Amino acid sequence: MIIFITGATSGFGLSMSRRFLKNGHLVVGAGRRIDRLQELSIEYPENFHLIELDVRDKNKVQVAIQDLPEKFKSIDVLINNAGLALGVDAAQNANLNDWEVMVDTNINGVLNCIHNLLPEMVKRNHGHIINLGSVAGEFPYPGGNVYGATKAFVHQLSLNLKADLLGTNIRVTNIEPGMCQTEFSEVRFRGDKKKADSVYKGMQALSADDIAETIDWVISRPVHVNINVISLMPTQQAFGPFATFRK
Ligand code: NDP
Ligand code: 8X3
């Protein structure tokens, strides 16, 4: 298969790239810090195509997809993985620029990729779109405000795509993980590694490999099977009670 992964430079994207290359697939890995992918491209010079790409830039996304080498053009699986959370401030204290970056990356970035790849998939009557949602798109928590809302968008977008694509062989899946130890919290806390590590202290979070394995299972189902949504979280994470403010 030819698998296009956004956010391939870290976390889930890096683990998926490694796994899929090892399994003999062709992988297009996109991200901004492509120096992090040099090792993989040396190891898999024939099967790995790197693109330096900011998914927020719709013109660059269009050009990057148009300019894919012939060998990598017929994308079988698009994995919209690039994304981030910035901060955990209450909405009334949050930074508008952070909100814009999350909306631009987690929503517009996903739309930019889908808009450029979906028509070709429909023409070939073949393809699979995997989006990275989150439990934060379903369950609210303090400070999750815009991040959670972007993931709720991705959840509903995935289901609505599935509705539009009825009558084609194109599959759509939303993956909704809970706590997973990657660079996610370091980004969220702007490089404060201590704060990021404390998120996972004393519990076993999911790993990037857990997510890669799950997505590997999703894409290897027979073509007549569409996994709509997968919600997964660590055994040591659960739901909280409703909060009550008392005087
Ligand atoms: P990481 O921070 O480890 O990886 C994020 C990836 O997204 C990086 O490769 C980064 O690449 C890329 N990225 C960010 N912004 C852009 C951009 N503008 N253009 C292109 N690439 C970009 O986090 P995870 O692997 O954990 O996160 C992957 C996805 O999973 C995200 O969508 C996240 O919201 C979601 N998720 C994560 C969970 C977790 O607990 N870790 C749980 C649920 C969902 P670069 O900076 O090089 O461009
Ligand atoms: C990331 C999971 O719970 O940290 O999407 O928001 S959570």
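Surrounding ligand 1, one finds 30 residues, the nearest of these being T9, S10, R32, Y147 and T182. Here an oxygen atom of ligand 1 sits 3.1 Å away from a polar atom, N or O, in the main chain of G7. Contact between ligand 1 and C180: an oxygen atom at 3.0 Å from a main-chain N or O atom of the residue. Across the complex, the protein chains shield 97% of the 870 Å² of accessible surface that ligand 1 would expose by itself. For the shell around ligand 1, the secondary structure elements donating two or more residues are helix 1 (11-22), helix 5 (145-164) and helix 6 (184-188). Its residues assigned to classes, the shell around ligand 1 shows twelve nonpolar, twelve polar and six charged.

Remark: helix 4 (residues 96-124) packs on helix 5, axes separated minimally by 8 Å, with the N-to-C direction vectors making an angle of 15°. By the angle between their directions, the pair helix 4 and helix 5 is classed as roughly parallel. Along this stretch, helix 4 crosses helix 5, giving a crossing that reads as right-handed. Of helix 5, the residues touching helix 4 (which contributes W99, M102, V103, N106, I107, V110, L111, I114 and L118) are N145, V146, Y147, T150, K151, F153, V154, L157 and L161. Its residues assigned to classes, the contact of helix 4 with helix 5 shows 14 nonpolar, three polar and one charged.

One way to see where empty space is left: roll a probe the size of a water molecule over the atoms. Put simply, the second largest pocket is a space of about 230 Å³. For the second largest pocket, the full set of lining residues is Q62, I65, Q66, K73, S74, I75, N116, L117, E120 and R124. Every element with two or more residues in the lining of the second largest pocket is listed here: helix 3 (58-66) and helix 4. Of all the elements, helix 4 adds the most residues to the lining of the second largest pocket, at four residues. Taken together, the residues that form the lining of the second largest pocket break down as three nonpolar, four polar and three charged.

Let's shift gears to the packing of aromatic side chains. Counting across every chain of the model gives two aromatic pairs. An angle of 45° between the planes, with centres 4.9 Å apart, marks the rings of F139 and F239 as tilted. Pair noted here: F139 is in the loop between strand 5 (127-132) and helix 5 and F239 is in the segment after strand 7 (229-232), with a separation of 100 residues, a long-range link.

All right, on to the site of ligand 2 then. Lining the immediate surroundings of ligand 2 are S134, A136, Y141, Y147, F184 and R188. Y147 has a polar side-chain atom sitting 2.6 Å from an oxygen atom of ligand 2. Coverage of ligand 2 by the protein amounts to 83% of the 240 Å² it exposes when considered alone. Split by residue class, the shell around ligand 2 holds four nonpolar, one polar and one charged.

Spatial ordering of the open sheet is given by 3-2-1-4-5-6-7, a layout of seven strands whose pairing is parallel. Of all strands in the sheet, those bounded by a partner on one side alone are strand 3 (48-52) and strand 7. Ignoring which end each strand starts from, the neighbouring axes of this sheet average 15° apart.

This part is about the pattern of salt bridges. Summed over the entire model, instances satisfying the criterion amount to ten salt bridges. Salt-bridge contacts for E120 lead to K123; the nearest nitrogen and oxygen are separated by 3.9 Å. Taken as a pair, E120 and K123 lie in helix 4 at a separation of three residues, close to a single helical turn. Residue classification places K123 among the exposed residues on the basis of a relative accessible area of 68%.

Criteria and thresholds
Residues numbered from 1 in each chain as written. Chains lettered and ligands numbered in written order. Predicted model: local features only at pLDDT ≥ 70, side-chain atom pairs only at ≥ 80, totals over all residues. Heavy atoms only, no water. Near = heavy atom within 4 Å. Polar contact = N/O pair within 3.5 Å; in protein donor to acceptor, adjacent residues only side chain to side chain. Areas by Shrake-Rupley, 256 points an atom, 1.4 Å probe, with all protein chains shown as cover. Helix = DSSP H or I, 4+ residues; strand = E, 2+ residues; numbered from the N terminus. Nonpolar A, V, L, I, M, F, W, Y, C, P; charged D, E, K, R; others polar. Axes fitted to C-alpha atoms, helices over the stretch in contact; angles between N-to-C directions. Parallel < 35°, antiparallel > 145°, perpendicular 65-115°, else oblique. Left-handed = near helix turned anticlockwise from the far one by under 90°. Contact = heavy atoms within 4.5 Å. 1 Å grid on protein atoms, 1.4 Å probe; cavity = no way out; pocket = protein on both sides within 12 Å on 5 of 7 lines; lining within 4 Å. Points joined across faces, edges and corners; volume = space filled by probe spheres on them. Phe/Tyr/Trp six-rings, centres within 6.5 Å; stacked < 30°, edge-to-face > 60°. Pairing = 2+ DSSP bridges. Salt bridge = Lys/Arg side-chain N within 4 Å of Asp/Glu carboxyl O. Buried < 20%, exposed > 50% of the residue type's maximum accessible area, 1.4 Å probe, protein only.

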